[in-house]
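# Architecture at a glance
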Amino acid sequence: MMVTDALQRSFAPLVGERRFDMDLPLLLGGIVLLSLGLVMVSSASMEVAAGQLGNPLYYMKRQLVYVFIGIVALLSTLAVPLRLWEQSRFLLLALAFILLIAVLIPGVGREVNGSWRWIAVGPINVQPSELAKLFAVIFLAGYLVHRQDEVKEGWVGFIKPFLVLGPMAVLLILEPDFGATVVLMGAAVGMMFLGGVGLLRFTLLFGSLAGMAAALVLYEPYRLQRLTGFLNPWNDPYGTGYQLTQALIAFGRGEWLGVGLGNSIQKQFYLPEAHTDFVFSVLAEELGLIGALAAFALLVFIAARALYIGLWAERAGRYFSAYVAYGLAIMWCGQVLINVGVNIGLLPTKGLTLPFLSYGGSSLVVCCISLGLLLRIDWERRQALREAADGQ
């Protein structure tokens, strides 16, 4: 009987007295993005899949499986109380380090285009960096709650979490995955600032991280080429500027209303990674500037809604939930801004997926888990308010 009661409480957002008691704007926004992502991945990958694999629906079928796994993960996450995430934060952090170390071991990690970012699990490739970013946010949220006074008042409490996140960033650089490193450290800095770090320490931290990022760029010649090549890709349109010039051509062809779904020319072996890093360019070509702006607005809405959920949780005194929501929102904002910035030529070319829209199982499933966490955070906050009102 006790087990049954516990299960009913866990699954209350889905089958409770109020029936489907969730933040509908956030849920509907996520569903629309998942659907749009499936459509665009299918459209952007058909020519490549047909030419390379002999099956134009190969990537679409795999993405459909990932969407199904993601929905199952979302529903499962929705049933897990936030206190269990908080209690498991050290275990999750250890798991993140184990995965990031394992992916660098030959025979365990899988090398693609010179990067060791994937671990093959049967027919599915798992990308540890996606899970590591999520687990790092959960760890840091717990740290900000349990060491709040140290973080606000002293340098030691301010530096401690970066003694943990620093080695994680080094492991990401070794893959190498510079984009994931930037997103991870950006989310950590943002969470520390929202957690009450003084402006002086925040400025010093931000300056230090910016300096380290500049050093990493200068250390590898290919990164410097990317950094300078995007400023005028037409100087070398068949070399360092190739991807960006093809992406810009896609935007130009799309004009206002697009060439029509499925009618992209750039996805036909002109634009590399059309269904992953540059799916937004194909979307702009097929759906036009109006469609691209609508998709971007929906991504911004999801991130803004996550920030509001964090704000509401903080006002209710649920600080762990608030910091988790803040961290997830900042990560989404970072990934969206970097990916879209790369696609339109505002940032150097960098391999980073677009949340919910790009092809890839790990990214999609982690996005769904994050969405489930946000829905659970909002439900627990409203549930606590209702219980407080009933108690009065």
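Our structure's up above, just so we're on the same page.
Here's what I pulled together on the structure shown here.

## Digging into the pairing of strand S2 (residues 115-121)
As paired elements, strand S1 (residues 109-112) and S2 share four bridges and run antiparallel to each other. The partner of Arg110 across the bridge, within S2, is Trp118. Inspection of the sheet shows S2 paired to strand S3 (residues 124-126) by three bridges, in the antiparallel sense. Bridge pairing in S3 places Ala120 opposite Asn125. Remark: two residues form the turn of the hairpin made by S2 and S3, two consecutive strands paired antiparallel; Gly122 in that turn has positive phi of roughly 65°.

## Brief notes about the packing of aromatic side chains
In the structure shown here, the tally under the stated rule is eight aromatic pairs. With a centroid separation of 6.0 Å and an interplanar angle of 55°, the aromatic rings of Tyr66 and Tyr359 are classed as tilted. Placement of Tyr66 in helix H4 (residues 58-78) and of Tyr359 in the loop between helix H15 (319-344) and helix H16 (361-391) is noted, with a sequence separation of 293 residues between them. Accessibility expressed as a relative area gives 6% for Tyr66, which makes it buried. Ring plane angle 65° and centroid distance 6.1 Å describe the contact between Phe90 and Phe139, whose orientation is recorded as edge-to-face. Of this pair, Phe90 sits in helix H6 (residues 89-102) while Phe139 is found in helix H7 (residues 128-146), placing the two residues 49 residues apart along the sequence.

## What to know about the sheet that holds S2
Judged by pairing direction, the sheet is antiparallel, and its three strands sit side by side in the order S1-S2-S3 without closing on themselves. Where the open sheet ends on each side, the last strands, each with one partner, are S1 and S3. Here the average twist between neighbouring strands, direction ignored, is 50°.

Thresholds applied
Residues numbered from 1 in each chain as written. Predicted model: local features only at pLDDT ≥ 70, side-chain atom pairs only at ≥ 80, totals over all residues. Heavy atoms only, no water. Pairing = 2+ DSSP bridges. Helix = DSSP H or I, 4+ residues; strand = E, 2+ residues; numbered from the N terminus. Phe/Tyr/Trp six-rings, centres within 6.5 Å; stacked < 30°, edge-to-face > 60°. Buried < 20%, exposed > 50% of the residue type's maximum accessible area, 1.4 Å probe, protein only. Axes fitted to C-alpha atoms, helices over the stretch in contact; angles between N-to-C directions.

Functional significance is not addressed by these values, which are geometric in nature.
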